[in-house]
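Structural overview for review
Chain by chain, the residues run as shown.
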Amino acid sequence: MGVDTTATLDRARAGDARALGRLLSLVEDGSPQLRSVIKDLLPLTGQARVIGLTGAPGVGKSTTVSALVGAFRAAGRRVAVLAVDPTSPFTGGALLGDRVRMQDHATDDQVFIRSMATRGHLGGLAAAAPQAIRVLDAAGFEVILVETVGVGQAEVAVAALADSVVVLLAPGLGDAIQAAKAGILEVADLFVVNKADKPDSHQVVRDLRTMIALGHHEPGDWKPPVISAVATGGLRDAGIVELEHALDAHWTWLRSSGELERRRRERAREEITALVFATLRHRLAASNVDVLASRVADGTLNPFDAAEELIAEHVRSR
Ligand code: GDP
C-alpha cells in the first residue's frame, strides 16, 4: 500500500510521531516509494545538525545520548535519536522498538527516538541511514543524534554520517590505545571519557590528551576536546552540559571554516557510491551473468570481456 507522502510529511513536520515512523519504515524496508519521497522532501533538508556518538559497548553511549537529549531540550531544541548498527545491516527486528533506557523522554513530543534495522535494504545501512537522517531533517528536528549500536568497526562507520563525531571511552572499556588501533582518534571531533566517577578515568584522560598532542594540528584546525563525564549523574556538574557547549563550538567552527560543506560533499559522494554499487549488484543478479559464467568457466570467454559485456548491457539499462 502506498503512503500519501505530502500529507504524511506535513503531519510529521507538525510533530506526528506515527507519520514520521511511517516515513522511516519506507526507508527501513527499502520501499520502491522511497525515491519519490526523498525527492519531495529534499527542499526541506539541510538545516539539522547531525551528531554521531560511538564507542565500545558498555561505555555509556545510551546513557550519554539520553542525558544529551535532556541538555538540548533544556536549550529548547527539537531532538531526534537514531540508533543504528552499522556492522550488521540485515539483523531484522533485533534493534526495533524504542529502547528502555530512552524512556526518560517518552512523554516529550519534541523528542523522537528510533532504532533502525535495514532488512533487505538496497545498499544496506550505508545507503539507508542517510535517507533516515534526511527524513528527520525534513521533519524539522534541529539536532539529530546518531548512536551506533554494535561492535567492531562501528566506530569509524558513524563518521560517514555525522557533522560532528563524539567518541566515548570509559575506564577499562575502549582505552586510548585501542581507540588509536581502531582508527577512531582520526575521526573523533570530541572525546568523552565517561564514568569519571571511577578512579582510573584520570588515566584514560591523560593517555588520550597525550595521543591528541602527538597528532598534527595546524593553526585554525579543530583540536578535539576531552570531556570527563558521568552520564548517570544528571545534568548538573556531570560533563553533559560541557559536552553540549563543546558541540555548539564545533558546529560554529564547522560553519566558519568551510568544513561543513566539505564534509557534506564527501558524505554525498559516499552515498552516491553506495547506491551505485548496490544498484549494480542488483542488476547483476538479474542479468545473464550465469550464461557468461559458464563460458568463462569452460574457457571460451575471458573474464575481462565478460565483465565489459555485462557493464555495457546493464549500466545504462533501467
Ligand atoms: P552503551 O552500551 O555504550 O550504550 O552503554 P550504556 O549506556 O548502556 O551503559 C552501560 C552501563 O554503564 C549501564 O549500566 C549504565 O548505567 C552504566 N553507566 C553509564 N554511564 C555511567 C557513568 O558515568 N558512571 C557509571 N559508574 N556507570 C555508568
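So, a few notes on the structure that sits alongside this text.

For the rest of this paragraph, the subject is the site of the ligand. In the neighbourhood of the ligand, 17 residues make up the surrounding shell, with G58, K61, S62, T63 and D197 lying closest. Here S62 contributes a backbone N or O atom positioned 2.9 Å from an oxygen atom of the ligand. Looking at the shell around the ligand residue by residue, the classes come out as 5 nonpolar, 6 polar and 6 charged.

The next thing to look at is the nonpolar core. By size, the foremost hydrophobic cluster in this structure holds 47 residues, and its most contacted members are L20, L136, F141, I144, F191 and L208. No other element matches helix α5 (residues 124-138), which puts 7 residues into this core. The residues touching F191, leaving out its near neighbours within four places in the chain, are V167, L185, L208, I212, P224, P225, V226 and I227. Core analysis: the second largest hydrophobic core is formed by 27 residues, L68, A71, V81 and A229 among them.

Turning our attention to the environment of R35. Checked against the element boundaries, R35 lands in helix α3 (residues 34-41). Looking at R35, the relative accessible area reads 64%, which means it is exposed. Considering only alpha carbons, one finds R35 and Q131, 96 residues apart in sequence, at a separation of 9.7 Å.

On the surface, a cluster of negative charge is made up of D305, E308, E309 and E313. On the secondary structure map, E313 appears in helix α13 (residues 303-314). E313 sits in the partly exposed class, given a relative accessible area of 38%.

Remark: the centre distance and the inter-plane angle together describe each pair of aromatic rings, the angle taken between the planes. In total, this model carries 2 aromatic pairs according to the counting rule given. Arranged with centres 6.3 Å apart and planes meeting at 40°, the rings of F112 and F141 form a pair that is tilted. Highlighted residues: F112 in strand β3 (residues 111-116) and F141 in the loop between α5 and β4 (143-148), separated in sequence by 29 residues. For the ring pair W222 and W253, a centre distance of 5.9 Å and an interplane angle of 40° mean the geometry is tilted. Of this pair, W222 sits in the loop between α9 (201-214) and β7 (226-228) while W253 sits in helix α10 (residues 240-257), and the two are 31 residues apart along the sequence. With respect to burial, W222 and W253 carry one shared label: buried. In this structure, R78 is placed above the aromatic ring of F141, and the distance from its NZ or CZ to the ring centre is 4.2 Å.

Reading the values: the criteria
Residues numbered from 1 in each chain as written. Predicted model: local features only at pLDDT ≥ 70, side-chain atom pairs only at ≥ 80, totals over all residues. Heavy atoms only, no water. Near = heavy atom within 4 Å. Polar contact = N/O pair within 3.5 Å; in protein donor to acceptor, adjacent residues only side chain to side chain. Nonpolar A, V, L, I, M, F, W, Y, C, P; charged D, E, K, R; others polar. Core = buried A, V, L, I, M, F, W, Y, C linked by side-chain atoms within 4.5 Å. Buried < 20%, exposed > 50% of the residue type's maximum accessible area, 1.4 Å probe, protein only. Helix = DSSP H or I, 4+ residues; strand = E, 2+ residues; numbered from the N terminus. Contact = heavy atoms within 4.5 Å. Patch = residues over 30% accessible without salt bridge, like charges linked within 9 Å, V, L, I, M, F, W, Y side chains within 5 Å. Areas by Shrake-Rupley, 256 points an atom, 1.4 Å probe, with all protein chains shown as cover. Salt bridge = Lys/Arg side-chain N within 4 Å of Asp/Glu carboxyl O. Lys, Arg positive; Asp, Glu negative; His and termini not counted. Charge placed at Lys NZ, Arg CZ, Asp CG, Glu CD. Phe/Tyr/Trp six-rings, centres within 6.5 Å; stacked < 30°, edge-to-face > 60°. Lys NZ or Arg CZ within 6 Å of the ring centre and 35° of its normal.

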